[in-house]
Amino acid sequence: MKNIGILGSGIVATTLAEGFIKHGYSVCLGTGHPEKLESWKAQQGGKATIGSFADAAKFGALLVLAVKGSAAIVVLESAGRENLKDKTIIDTSNPIEAAPPVNGVLKFFTNINESLMEQLQMAYPEANFVKGYNSVGAPLMVNPDFGGTKPTMFICGNNAQAKNEVAEINTLFGFDTEDMGTAEAARAIEPLCMLWCITGFTTNKWDGHAFKLLRR
């Protein structure tokens, strides 16, 4: 099993960390506020460590970027370019603007012709970013129960091997994978966050819906 480095300490980071631990991985969470995770760490049975962003990036053979989109570049800088080199990075971040939703619709600080992940990939060409886990809520990220139906995890990225790694994790976590192609496809995948959140904002229910691509 590979060591997993998770850059972030919020609910997405800890949920995915618990999912990896559940499936036998060792995890290091990178954070700027380690004191906030002490009680969480104590509950993980020695399977998780807490450190700086650089510690987590160095620890992980595979990394997860689980921070606000507005903080993504700063966190990657803190992680250290050398610690990111040649590694698969699951990019869960969304370019959500610091503004309230309008009738349930979030605002993005990117435009339709350039995604946040493209910006990150351009800034760190030596890393292998794969978009994923950005368009489903934290309660549904690990082995969600939809009565036997597996939801779809849409991914994209420029490196085929990295996408294969993420697809294996998707299967482990109870998702079917749809590979939408290269990094440009993040222009379509990131706005799925908007669509998913509309239901949450308008119904105040955040743990009962996910996307499924149907084929025949």
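Residues numbered from 1 in each chain as written. Predicted model: local features only at pLDDT ≥ 70, side-chain atom pairs only at ≥ 80, totals over all residues. Heavy atoms only, no water.

### Let's talk about the side chain of Glu 190
The test is simple: In this description a helix means any DSSP run of H or I spanning at least four residues, a strand means any run of E spanning at least two, and both kinds are numbered starting from the N terminus. Side-chain atoms alone can form a polar contact between residues adjacent in sequence; in general such a contact is a pair of N or O atoms within 3.5 Å, and within protein one must be able to donate a hydrogen while the other accepts it.
Tracing the backbone through its elements, the reader meets Glu 190 in the loop between α8 (186–189) and α9 (192–203). Engagement of the side chain of Glu 190 in a polar contact is seen with the backbone nitrogen of Leu 116, the distance being 3.0 Å.

### A few points about the environment of Gly 24
Rules: Buried, partly exposed and exposed residues are distinguished by accessible area as a fraction of the type maximum, computed with a 1.4 Å probe on protein chains only: under 20%, between the cut-offs, and over 50%, respectively.
The residue Gly 24 is located in the loop between α1 (11–22) and β2 (26–30) in this model. The class for Gly 24 is partly exposed, based on a relative accessible area of 45%. In this structure, the C-alpha to C-alpha distance between Gly 24 and Thr 177, residues 153 residues apart in sequence, is 21 Å.

### So, α1
Here is the rule we go by: A helix is expected to reach a length of 1.5 Å times the quantity of its residues less one. Residues count as neighbours in contact if any of their non-hydrogen atoms are within 4.5 Å of one another.
For α1, spanning 12 residues, the distance from its first C-alpha to its last is 16 Å, which sits close to the expected 16 Å at 1.5 Å a residue. Each element contacted by the buried residues of α1 is listed here: β1 (3–7), β2, α2 (38–42), β3 (48–51), β4 (62–65) and α7 (160–172). Of the residues flanking the end of α1, it is Gly 24, one or two places downstream, whose phi is positive at about 95°.

### What to know about the nonpolar core
What counts here: What we call a nonpolar core is a set of buried Ala, Val, Leu, Ile, Met, Phe, Trp, Tyr and Cys residues that are connected through their side-chain atoms within 4.5 Å.
Grouped together as the largest cluster of nonpolar side chains are 66 residues, with contacts concentrated most on Ile 6 and Phe 20. What Ile 6 contacts, discounting residues up to four positions off in sequence, is Ala 13, Leu 16, Ala 17, Phe 20, Val 27, Cys 28, Leu 29, Gly 30, Ala 56, Val 64 and Ala 66.

### Observations concerning unusual backbone geometry
For Asp 86, which is not glycine, the phi dihedral falls at a positive 65°. Relative to the assigned elements, Asp 86 resides in the loop between α5 (81–84) and β5 (88–91). The phi dihedral of Asn 103 falls on the positive side, at around 50°, and the residue is not glycine.

### Let's talk about the packing of aromatic side chains
Describing an aromatic ring pair means giving the distance of the ring centres and the angle of the ring planes. The line we're drawing: Stacked, tilted and edge-to-face are the three classes assigned to paired rings of Phe, Tyr and Trp, where Trp is represented by its six-membered ring and a pair needs centres within 6.5 Å; plane angles under 30 degrees give stacked, over 60 edge-to-face, the rest tilted.
The tally for this structure, following the rule as stated, stands at six aromatic pairs. Look at Tyr 133 and Phe 173: their rings are 6.2 Å apart centre to centre, the planes differ by 75°, and that puts the pair in the edge-to-face class. Taken together, the residues span a long stretch of sequence, with Tyr 133 in the loop between β6 (128–131) and β7 (152–157) and Phe 173 in the loop between α7 and β8 (176–179) at a distance of 40 residues. Across the pair, Phe 173 and Tyr 133 agree in class, each one buried. For the ring pair Phe 201 and Trp 206, a centre distance of 5.0 Å and an interplane angle of 90° mean the geometry is edge-to-face. On the basis of relative accessibility, which here comes to 29%, the residue Trp 206 falls in the partly exposed class. One aromatic cluster in this structure is built from Phe 20, Tyr 25, Tyr 133, Phe 173 and Phe 175.

### Notes on the pairing of β1
Put simply, the rule reads: Strands pair, by our definition, only if DSSP identifies at least two bridges between them. Looking down the strands as they point away from the viewer, one classifies a crossover as right-handed if the path from the first strand across the helix to the second runs clockwise.
With respect to burial, β1 is a largely interior element, four of its five residues being buried. Where β1 and β2 come together, five bridges link them in parallel fashion. The residue of β2 that forms the bridge with Ile 4 is Val 27. Taken together, β1, α1 and β2 form a β-α-β motif whose crossover is right-handed. Bridging between β1 and β4 involves four bridges; their strand directions are parallel. In the strand pairing of β4, Leu 7 is matched with Leu 65.

### A word on the sheet that holds β7
Applied cut-off: Orientation is described by lines fitted to C-alpha atoms, with helices fitted over the stretch in contact, and by angles between N-to-C directions that extend from 0 to 180 degrees.
Pairing is mixed across the open sheet formed by eight strands, whose spatial order is β3-β2-β1-β4-β5-β6-β7-β8. The sheet is open, and its two borders are formed by β3 and β8, each paired with just one other strand. With strand direction ignored, the average angle separating the axes of adjacent strands in the sheet is 25°. Summarising the sheet, β2 and β3 pair through four bridges and their orientation is parallel. In the strand pairing of β3, Cys 28 is matched with Thr 49.

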